[in-house]
Amino acid sequence: AAVDYAKAVLKVNALESMFCTVHGADDVPRPKPYPDGLLACCEELNIKPQHCVYIGDSPTDGAAARAAKFGLSIGVAWPGAANSESKLRESENFDFVV
């Protein structure tokens, strides 16, 4: 997602104060499944990737977390989503799928 969209989602859900950094496909050199956005967040927050947990809802989310060498990745399937629980599991990109 683009940065403006991500920030709008945070705002409408009253979550913007909980996030110190937000990146999207439009402000990093390469979007997911490449790790560029995830690594930018780690760098800005001064956190090692292996100490991070990534929660995502698409196979490319899990692929980006693996490429960034995050400590843990969790795939979340939700009703009506294009990526079903089985698709997330079949991708083998997540450590856990719920």
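The structure this text deals with has already been given above.
Residues numbered from 1 in each chain as written. Predicted model: local features only at pLDDT ≥ 70, side-chain atom pairs only at ≥ 80, totals over all residues. Heavy atoms only, no water.

## Details of helix α1 (residues 3-12)
Here is the rule: Burial classes follow relative accessibility: with a 1.4 Å probe on protein chains only, a residue under 20% of its type's maximum area counts as buried, one over 50% as exposed, and anything between as partly exposed. A run of DSSP states H or I qualifies as a helix once it reaches four residues; a run of E qualifies as a strand once it reaches two. Both are numbered from the N-terminal end. The directions from the helix axis to the C-beta atoms form the arc being described.
Residues V3, A6 and L10 constitute the buried set of α1. Down the axis of α1, the buried set is contained in an arc of 65 degrees. They therefore lie on one face. Exposed residues lying more than 90 degrees from the buried face of α1 are D4, Y5, K11 and V12. A14, located one to two residues past α1, shows a positive phi value of around 55 degrees.

## Digging into the environment of A64
Under the convention used in this document: The contact criterion used throughout is that any non-hydrogen atoms of two residues lie within 4.5 Å.
Along the chain, A64 falls in helix α3 (residues 59-67). A64 sits in the buried class, given a relative accessible area of 0%. Residue contacts for A64: discarding those within four places in its chain leaves K32, P33, Y34, P35 and L38.

## A closer look at the environment of I55
Within the element layout of this structure, I55 appears in strand β1 (residues 53-56). Along the backbone, I55 and Y34 are 21 residues apart, and their C-alpha atoms lie at a distance of 16 Å. Not counting chain neighbours up to four residues away, the residues in contact with I55 comprise I74 and V76.

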